[in-house]
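Chain and residue survey
Here are the chains, one letter per residue:
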Amino acid sequence: AMPGKEHRKRKTGKKAEKRKNAEDKKKGITDEDKKHQNPRAFSFNSAGAGKAARARTAERDQSRLHNPMLEKSSDEPPPFVVLIQGPPGVGKSTLIRCLVKHYTKHNLSDVLGPITVVAGKRRRVTFVECPSDLCGMMDAAKYADLVLLMIDGSFGFEMETFEFLNMLQVHGFPKVMGVLTHLDSFKEQSKLKKTKKKLKARFWTEVYDGAKLFYLSGLQHGRYLNREVLNLARFISITKSRPLAWRIAHPYLLADRFEDLTQPELVRQQPKCDREVVLYGWLRGSNLKPLSRIHMAGVGDFTVKELEALDDPCPMPGSGGAKLKRRTLNEKERLLYAPMADVGGLLYDKDAVYIDIPDWK
């Protein structure tokens, strides 16, 4: 015979209420005492506690507020720079490919250089993969508007992540969001839940309480799941970053591509001769003047010989003056500009547009 279940006392109903009243009577608790014992119905027992709680709330609200800062941006602001950082093999290139596919419906073969996409009616985003070497990380911390810190969920935080966070603090600390990958390696759901909780607590300790952390559960046909990429892309499209004071006061440029205009014969004769290089990119911060001195990260100080404004290679929808009444973009407006990755085979020069046709066509 099967053993019977043990008797469980009723917690609601007339019998339970009668039993509870009898127990309270034994303890000498009256109805008047019960009113004062409900902590949720009455806020504070003492005026001092109430005053301290109000002061704490006011201080917390005030700490969120900043002095208003004027950003001198034009009608068409330069693209929002999103830097993807993480240790080797964590899935940086895969994430960029998935985000580009989401925004432009374009399959990117190689992730090389800055990749600019139109993310909305008034928003362009440039994705940059952060180099793994220390000097490259230091340079990347200077220009990033939003940083996606990629963390291997099966391994945890690595040294590169902590080093890069220190660099970000030195350079003004732009907005940071975390992305947790390789979560498909967990077989047990309870272990996955514990790991998520532990990594989230550590991430909040390193960045700030309440920092956004996204979870990419695994790969499907070599890509992350569409719903998870959509959630991340939506946050990237609407996120706002507080402009950093140093960047507003100084002009700086993230080069999308460069050309060496030095005569090939001269280079052949003297490999270490002075070169003439043209850099293309969106100017950010304040205005840049001709013949001014600039610093190229990792190279040195130079004088700008010539400066010219070119047509926008990746214009925003309705940039000609006509306002868009639609909420969504059509296929023609979902532009992609990645000159180093040779997407589309188009190259914009000062006086011409080059179309690259492969040999097999």
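Up top is the structure.
Residues numbered from 1 in each chain as written. Predicted model: local features only at pLDDT ≥ 70, side-chain atom pairs only at ≥ 80, totals over all residues. Heavy atoms only, no water.

**Details of the sheet that holds strand β5 (residues 175-181)**
Pairing is mixed across the open sheet formed by seven strands, whose spatial order is β6-β5-β4-β1-β3-β2-β13. Of all the strands in the sheet, just β6 (213-215) and β13 (336-337) have a single pairing partner and so form its edges. One ladder, built from two bridges, connects strand β2 (residues 115-120) with β13; its direction is antiparallel. Directly across from Val117, in β13, lies its bridge partner Leu336. (Pairing = 2+ DSSP bridges. Helix = DSSP H or I, 4+ residues; strand = E, 2+ residues; numbered from the N terminus.)

**Topic: the pairing of β5**
In terms of residue burial, β5 counts as a mostly covered element, since six of its seven residues are buried. With seven bridges connecting them, strand β4 (residues 146-152) and β5 associate as parallel partners. Across the sheet, Ile151 pairs through a bridge with Leu180, a residue of β5. After leaving β4, the chain enters helix α6 (residues 159-170) and then returns to the sheet as β5, a path that is right-handed. Across three bridges, the pairing between β5 and β6 is parallel. (Buried < 20%, exposed > 50% of the residue type's maximum accessible area, 1.4 Å probe, protein only. Right-handed = clockwise from strand over helix to strand, strands pointing away.)

**Here's the deal with the nonpolar core**
One finds Val82, Leu95, Phe127, Leu148 and Ile236 to be the most contacted residues of the largest nonpolar core, which totals 33 residues. Those elements that provide at least two residues to this core are β1 (80-85), α4 (92-104), β2, β3 (123-129), β4, β5 and α8 (226-238). Filtering out sequence-adjacent residues up to four positions away, Leu148 remains in contact with Val82, Leu83, Ile84, Gln85, Leu95, Met177, Val179, Leu232 and Ile236. Formed by 30 residues, the second largest nonpolar core is a distinct cluster that contains Leu149, Ile151, Leu192 and Phe203. (Core = buried A, V, L, I, M, F, W, Y, C linked by side-chain atoms within 4.5 Å. Contact = heavy atoms within 4.5 Å.)

**Notes on the side chain of Arg257**
By the element assignment, Arg257 lies in strand β9 (residues 252-260). Using a relative accessible area of 6% as the deciding quantity, one classes Arg257 as buried. In this structure the side chain of Arg257 is engaged in a polar contact, spanning 2.9 Å, whose partner is the side chain of Glu259. (Polar contact = N/O pair within 3.5 Å; in protein donor to acceptor, adjacent residues only side chain to side chain.)

**Structural notes on unusual backbone geometry**
In this structure, Phe173 takes a positive phi of about 55° despite not being glycine. Mapped onto the elements of the fold, Phe173 is located in the loop between α6 and β5. We classify Phe173 as partly exposed; its relative accessible area is 23%. Residues other than glycine seldom take positive phi values, yet His182 does so here, at roughly 55°. Structurally, His182 is set in the loop between β5 and α7 (189-206).

**A word on the packing of helix α5 (residues 134-143) against α6**
For the pair α5 and α6, the least separation of the axes is 9 Å and the interaxial angle reads 40°. One element, α5, and the other, α6, form an angle in the oblique class. The way α5 lies across α6 gives a crossing that is right-handed. For the pair α5 and α6, the contacting residues are Leu134, Met137, Met138 and Ala141 in the first and Glu160, Glu163, Phe164, Met167 and Leu168 in the second. Class assignment for the residues of the contact of α5 with α6 results in seven nonpolar, no polar and two charged. (Axes fitted to C-alpha atoms, helices over the stretch in contact; angles between N-to-C directions. Parallel < 35°, antiparallel > 145°, perpendicular 65-115°, else oblique. Left-handed = near helix turned anticlockwise from the far one by under 90°. Nonpolar A, V, L, I, M, F, W, Y, C, P; charged D, E, K, R; others polar.)

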